[in-house]
Amino acid sequence: MPHVFHANFSMIPARFIKPFFLKLSLILLAGVVGSTSLPAQSAPAGASDTLWYKAPASQWIEALPVGNGRLGAMVFGGTASDRLQLNDITVWSGGPQPNANRPDGWTHLAEIRKVIREGRYAEAEKLCNSFLTCQANYDVNKYQMLGDLNFAFQLPPGEITGYRRWLDLDQATAGVVFQAGGVGFQRETFCSAPDKVLVQRISASRPGTLSFELKLNRPEKSQTHFEAPDMLVMTGDTGPSLSFQVNVRVLLVGGKITNQNGALKVEGANEAVVLVAANTSYVMDYAKGYKGADPALAAAQLQAASAKNYQQLKAAHLADYQPLFRRVHLDLGATEATKKPTDERLNAYGDGKADPALAALFFQYGRYLLISCSRPDSPAPANLQGLWADGLNTPWNGDYTININFEMNYWPAEQTGLSEMHTPMLRHIQSLVAPGTKTAQAYFGPNTPGWVTSAKSNVWGWTSPGARLSWGVWFGSSGWLCQHLWEHYAFGRDTAYLRSVYPTMKGACEFWLSQLVEGTDGKLITSPSSSPENFFITDSHMRASVCEGATMERAIVWDLFDNAAQAAAVLGIDPEFRKKVEAARDRIRPLQIGKAGQLMEWSGDWDMNSNDMHHRHVSHLYPLHPGHQISAVSNPALAAAAKKTLEQRGDDGTGWSKAWKINFWARLRDGDHALKILSEQLRPTDELKVVMSKGGTYPNLFDAHPPFQIDGNFGATSGITEMLLQSQDRYNDPAAPAQDRYYIDLLPALPSVWADGSVSGLRARGGFEVALKWKNGRLDNARLVSLGGTRTRIRYSGKTFDLSCKPGETILLGSDLGRH
């Protein structure tokens with residue numbers, strides 16, 4: 001039994017008492033009413049975890065997303081017509097490209113390193129573009145829409161009144177309600193993970209008044225046919241590497257269904273339940289060529305779901321989803337603004353002082369999106385669009401851009417109690433080892449150990465470099481990806497898991513141990529080296545993108561070596577390899593401060609020569625976040641240099657860039673500046689063209705690069721978490737030197753306008769769950785639950801408290817960090 005020192009129920013939000021009773025009531029209701037419908041309900045105005053609107057979506061960036069980790073939809077919520085735009089997370093064009101590597105690229109490596117050392121950067125860039133790039137067309141691989149469900153309704157004549165459209169994050173359900181000709185209509189849509197189907201219930205308040213036509217289609221390479229008595233089946237492919245099947249069934253209460261030229265025609269019904277199932281041939285298996293699943297499984301999934309009534313499907317959906325979403329609650333206070341529709345709140349947000357609850361909603365929306373697009377059994381991880389993409393030509397191919405964006409997708413997973421949602425990414429990382437081994441040997445020599453990846457990846461196991469500098473020749477991503485393997489352990493404390501991923505981490509280390517070179521100062525550096533998507537101008541006015549020892553790569557390799565050495569120590573294995581890695585880590589060129597007081601991005605002090613001082617990437621601050629090499633507490637000089645860099649870069653940028661800057665400023669303990677950038681990220685926009693600045697937020701709260709990229713949503717959720725709780729700083733524990741120990745910083749960057757509030761369910765490294773309550777900008781009390789952790793040090797307002805506890809133990813601390 002857990003040891004509890006003090007029970008303080010005032011810290012437990014009422015919402016955490018609700019799930020049991022809600023589940024019980026749904027079960028009882030299903031048993032009593034059978035297949036009859038639930039009473040029509042609309043989301044209440046001002047509900048803290050609800051997005052709502054007064055009009056249908058007129059464009060995709062106004063539609064509302066639902067998903068179960070594989071199947072997803074954008075719900076438009078029209079009246080006389082409606083659209084459900086469908087996605088399956090595995091629907092990609094293209095296929096594996098085993099010949100993308102240049103097999104003789106490595107033969108030019110020595111020459112490239114030589115001309116770089118001699119400062120002939122323009123020549124080095126030409127050589128890199130000729131020999132260290134891919135030899136295949138990466139852009140044939142695109143994440144694509146699955147298809148469309150289009151509804152045409154026959155409504156009674158008369159004015160449309162009482163319209164409301166919503167997305168209830170607490171129930172993961174989108175809804176629409178309105179009246180037409182005196183008849184009330186309601187639609188409720190969710191994607192069920194346990195039943196593997198999308199469900200939409202359509203009801204009318206007057207019997208026999210529900211009539212509509214339903215079509216299922218896709219822009220290319222598909223065929224749809226009717227299967228009696230009530231089903232549409234769409235089959236097709238995106239090319240030779242992937243085939244798919246979609247099954248749609250309509251179950252009626254009253255009325256009839258007929259085939260209308262390949263569409264379903266419903267007439268005179270009281271209620272309709274639309275079920276959608278989909279499957280593809282994709283499996284995440286390099287050896288099998290990413291094929292092997294049976295698309296026809298969609299039929300069996302639909303058949304199984306059809307055996308349940310709507311209430312049973314909804315109850316199973318809530319029982320699966322709500323325990324995940326309700327792990328974390330954030331209260332930043334509410335004002336009259338919460339009573340307004342979400343788009344009006346976004347338009348009026350400004351500096352956020354008048355509506356702090358919108359920041360809390362944006363935080364929870366990020367968690368909702370992660371649950372909805374990345375589940376433990378998802379066959380592929382969340383991409384640049386998460387799960388939701390319209391059309392066949394998704395921006396930037398909807399890929400896994402692994403020089404920041406893919407990693408940012410999963411920053412909130414561990415921190416905000418969604419560790420299981422990390423799983424598809426972790427599985428994808430390990431799937432890259434086999435192709436990454438071939439990439440390492442192609443570009444660095446046939447005897448090169450380990451594995452490596454470059455700037456891009458996709459579901460087909462791409463690990464090759466890109467087409468050109470300044471983005472395509474960069475090899476730091478495998479080390480960054482391995483940080484996620486380590487973080488899953490750091491938060492969760494599962495040594496069996498750590499043992500399973502250690503070989504992947506070790507392989508990434510082996511590659512870099514073989515490729516680090518000595519700089520002119522005798523320190524270890526990378527070469528050739530770049531800083532993603534950026535360039536430098538030397539003092540002699542030479543412009544290039546490749547040098548030796550760029551800061552980001554050095555910091556990533558340092559982080560990789562540090563984490564791998566710690567993993568070996570925790571597991572009690574590989575002592576000689578651990579010593580080798582630690583010795584190499586300690587020889588890596590230290591972070592450097594430039595002439596303007598900035599953290600240097602390049603091997604030369606060239607930052608101030610740039611003609612793009614506000615570049616969206618701030619890659620060289622990786623050691624500040626998400627790394628742990630720079631600490632505002634333990635090395636303030638480097639923290640000050642990082643701050644100078646941020647001041648030089650400016651606060652503006654793309655949506656994801658602003659999200660990263662929120663995290664940076666939070667790590668620098670400046671909550672007001674972090675909130676300033678969050679407020680700027682929450683500026684409304686409907687821009688759909690590619691713009692490399694002026695990021696913002698769309699009416700449906702999707703992040704705008706622009707265009708839409710979901711990483712900005714996840715990065716903002718992470719940044720808000722970093723304002724309230726941090727745990728990246730480590731310390732040595734003499735009693736257990738092999739174990740990783742962490743400081744837990746309470747309210748390290750609390751913005752002044754969030755004077756009163758509370759949060760519960762956040763996670764800290766070392767295996768702790770944390771709840772906090774604050775008043776007038778000061779900590780009131782804290783609750784820590786050890787989920788496997790044993791020792792930690794709590795820091796707040798200049799005070800440090802050593803905490804030793806047993807797994808399962810609950811500790812309550814007062815504002816003075818005294819135990820209660």
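Scroll up a little and you will see the structure.
A. Main features of the pairing of strand E14 (residues 256–260). Here E14 runs beside strand E15 (residues 263–269); their pairing, made up of five bridges, is antiparallel. Counterpart to asparagine 259 in the pairing with E15 is leucine 264. As consecutive antiparallel partners, E14 and E15 are separated by two residues, and within that stretch asparagine 261 has a phi angle of approximately 55 degrees, a positive value.

B. Seen up close, the nonpolar core. Core analysis: the biggest nonpolar cluster contains 222 residues, and Leu149, Phe212, Tyr368, Phe561, Leu678, Leu746 and Trp754 have the highest contact counts within it. The biggest single contributor to this core is helix H14 (residues 551–571), with 13 residues. Those residues within four positions of tryptophan 754 in sequence are excluded, and the remaining contacts are Leu332, Pro356, Ala359, Leu675, Leu678, Ile720, Met723, Leu724 and Trp774. Val197, Val199, Met231 and Tyr310 belong to the second largest nonpolar core, which has 13 residues in total.

C. Seen up close, the side chain of glutamine 364. Following the sequence through the fold, glutamine 364 ends up in helix H7 (residues 356–373). From its side chain, glutamine 364 meets the backbone oxygen of valine 328 in a polar contact 2.9 Å long. Apart from residues no more than four positions distant in its own chain, glutamine 364 is found in contact with Asp49, Leu169, Phe325, Val328, His329 and Leu330.

D. Just the packing of aromatic side chains, in detail. Scanning the entire structure with this criterion turns up 37 aromatic pairs. Ring geometry for tyrosine 321 versus tyrosine 368: centroids 6.3 Å apart, planes at 75 degrees, classification edge-to-face. On the criterion of sequence distance, the pair formed by tyrosine 321 in helix H5 (residues 310–325) and tyrosine 368 in helix H7 is long-range, its members being 47 residues apart. When sorted by exposure, tyrosine 321 lands in the same class as tyrosine 368, which is buried. Aromatic side chains tyrosine 443 and phenylalanine 475 sit 6.4 Å apart centroid to centroid with 45 degrees between the ring planes, which places their arrangement in the tilted category. Note that tyrosine 443 is positioned in helix H11 (residues 433–444) and phenylalanine 475 in the loop between strand E19 (456–457) and helix H12 (477–492), a separation of 32 residues in sequence.

E. Up close: the sheet that holds E15. Pairing in this open sheet of seven strands is antiparallel, and the strands run E2-E3-E4-E5-E10-E15-E14 from one edge to the other. Here the strands that pair on one side only, and so sit at the sheet edges, are strand E2 (64–67) and E14. Across the sheet, the mean angle separating the axes of adjacent strands is 20 degrees when strand polarity is ignored.

F. Fine view of the packing of H14 against helix H15 (residues 575–587). Where H14 contacts H15, the two axes come as close as 9 Å, and the packing angle between them is 155 degrees. On the basis of their axis angle, the class for H14 and H15 is roughly antiparallel. Judged by the sense of rotation from one axis to the other, the crossing of H14 with H15 is left-handed. Contacts from Trp558, Phe561, Asp562, Ala565, Ala568 and Ala569 of H14 reach H15 at Arg578, Val581, Glu582, Ala584 and Arg585. A breakdown of the residues in the contact of H14 with H15 according to their chemical character gives seven nonpolar, no polar and four charged.

G. Summary view of the pattern of salt bridges. Inspection of every chain in the model, using the stated rule, returns 47 salt bridges. We note a salt bridge from arginine 327 to glutamate 420, for which the minimum N-O separation is 2.7 Å. A residue pair is termed long-range when its members are at least 10 positions apart, and arginine 327 in the loop between H5 and strand E17 (329–331) and glutamate 420 in the loop between helix H9 (411–415) and helix H10 (423–431) qualify at 93 residues. Salt-bridge contacts for glutamate 487 lead to arginine 765; the nearest nitrogen and oxygen are separated by 2.6 Å. Of this pair, glutamate 487 sits in helix H12 while arginine 765 sits in the loop between strand E29 (757–764) and strand E30 (768–775), placing them 278 residues apart in sequence. In this structure, glutamate 487 and arginine 765 share a single accessibility class: buried. Within this structure, Asp651, Asp652, Lys658, Lys676, Glu680, Arg683 and Lys694 form a network of salt bridges that share partners.

H. Region of the structure containing the side chain of serine 531. Within the element layout of this structure, serine 531 appears in the loop between strand E21 (524–525) and strand E22 (536–537). Polar contacts involving the side chain of serine 531 include one to the side chain of glutamate 601, which spans 2.7 Å. Filtering out sequence-adjacent residues up to four positions away, serine 531 remains in contact with Ser470, Ser545, Ala550, Glu601, Trp602 and Ser619.

I. Quick look at the pairing of strand E12 (residues 231–239). Where burial is concerned, most of E12 is hidden: seven out of the nine residues are buried. Pairing geometry for strand E11 (residues 222–227) and E12, over six bridges, is antiparallel. Each residue of the ladder has a partner; that of glutamine 223, found in E12, is threonine 235. Taken together, the eight bridges between E12 and strand E13 (residues 242–253) define a ladder with antiparallel strand orientation. Paired with threonine 235 across the two strands is glutamine 245, which belongs to E13.

J. Examining helix H16 (residues 636–649) more closely. Taking 1.5 Å of rise per residue, 14 residues should cover 20 Å, and H16 covers 20 Å from first to last C-alpha, within 8% of that figure. Next to the buried residues of H16 lie helix H17 (655–667).

K. A look at the packing of helix H13 (residues 495–515) against H15. Relative to each other, H13 and H15 sit at 50 degrees, their axes nearing to 11 Å. As judged from the angle between their axes, H13 and H15 are oblique. The handedness of the crossing between H13 and H15 is left-handed. Contacts between H13 and H15 pair Tyr502, Lys506, Cys509, Glu510 and Leu513 from the former with Phe577, Lys580, Val581 and Ala584 from the latter. For the contact of H13 with H15, the class distribution of residues is six nonpolar, no polar and three charged.

L. Highlighting the sheet that holds strand E34 (residues 810–814). Ordered by their spatial adjacency, five strands build an open sheet running E17-E29-E30-E31-E34, and the pairing between neighbours is antiparallel. The open sheet has two edge strands with one neighbour each: E17 and E34. Between one strand and the next, the sheet's axes are offset by a mean angle of 20 degrees, whatever the strand orientation. Where E30 meets strand E31 (residues 778–786), eight bridges bridge the pair, whose relative direction is antiparallel. Each residue of the ladder has a partner; that of lysine 773, found in E31, is asparagine 781.

M. Representation of H13 in the model. Between its terminal C-alpha atoms H13 stretches 30 Å, which fits the 30 Å expected from 21 residues at 1.5 Å a residue. For H13, the complete set of buried residues consists of Tyr497, Leu498, Val501, Tyr502, Thr504, Met505, Gly507, Ala508, Cys509, Phe511, Trp512 and Gln515. The N-terminus of H13 is capped by aspartate 494, whose side-chain oxygen sits 3.0 Å from the backbone nitrogen of alanine 496.

What counts and how
Residues numbered from 1 in each chain as written. Predicted model: local features only at pLDDT ≥ 70, side-chain atom pairs only at ≥ 80, totals over all residues. Heavy atoms only, no water. Pairing = 2+ DSSP bridges. Helix = DSSP H or I, 4+ residues; strand = E, 2+ residues; numbered from the N terminus. Core = buried A, V, L, I, M, F, W, Y, C linked by side-chain atoms within 4.5 Å. Buried < 20%, exposed > 50% of the residue type's maximum accessible area, 1.4 Å probe, protein only. Contact = heavy atoms within 4.5 Å. Polar contact = N/O pair within 3.5 Å; in protein donor to acceptor, adjacent residues only side chain to side chain. Phe/Tyr/Trp six-rings, centres within 6.5 Å; stacked < 30°, edge-to-face > 60°. Axes fitted to C-alpha atoms, helices over the stretch in contact; angles between N-to-C directions. Parallel < 35°, antiparallel > 145°, perpendicular 65-115°, else oblique. Left-handed = near helix turned anticlockwise from the far one by under 90°. Nonpolar A, V, L, I, M, F, W, Y, C, P; charged D, E, K, R; others polar. Salt bridge = Lys/Arg side-chain N within 4 Å of Asp/Glu carboxyl O. Expected span 1.5 Å × (residues − 1).

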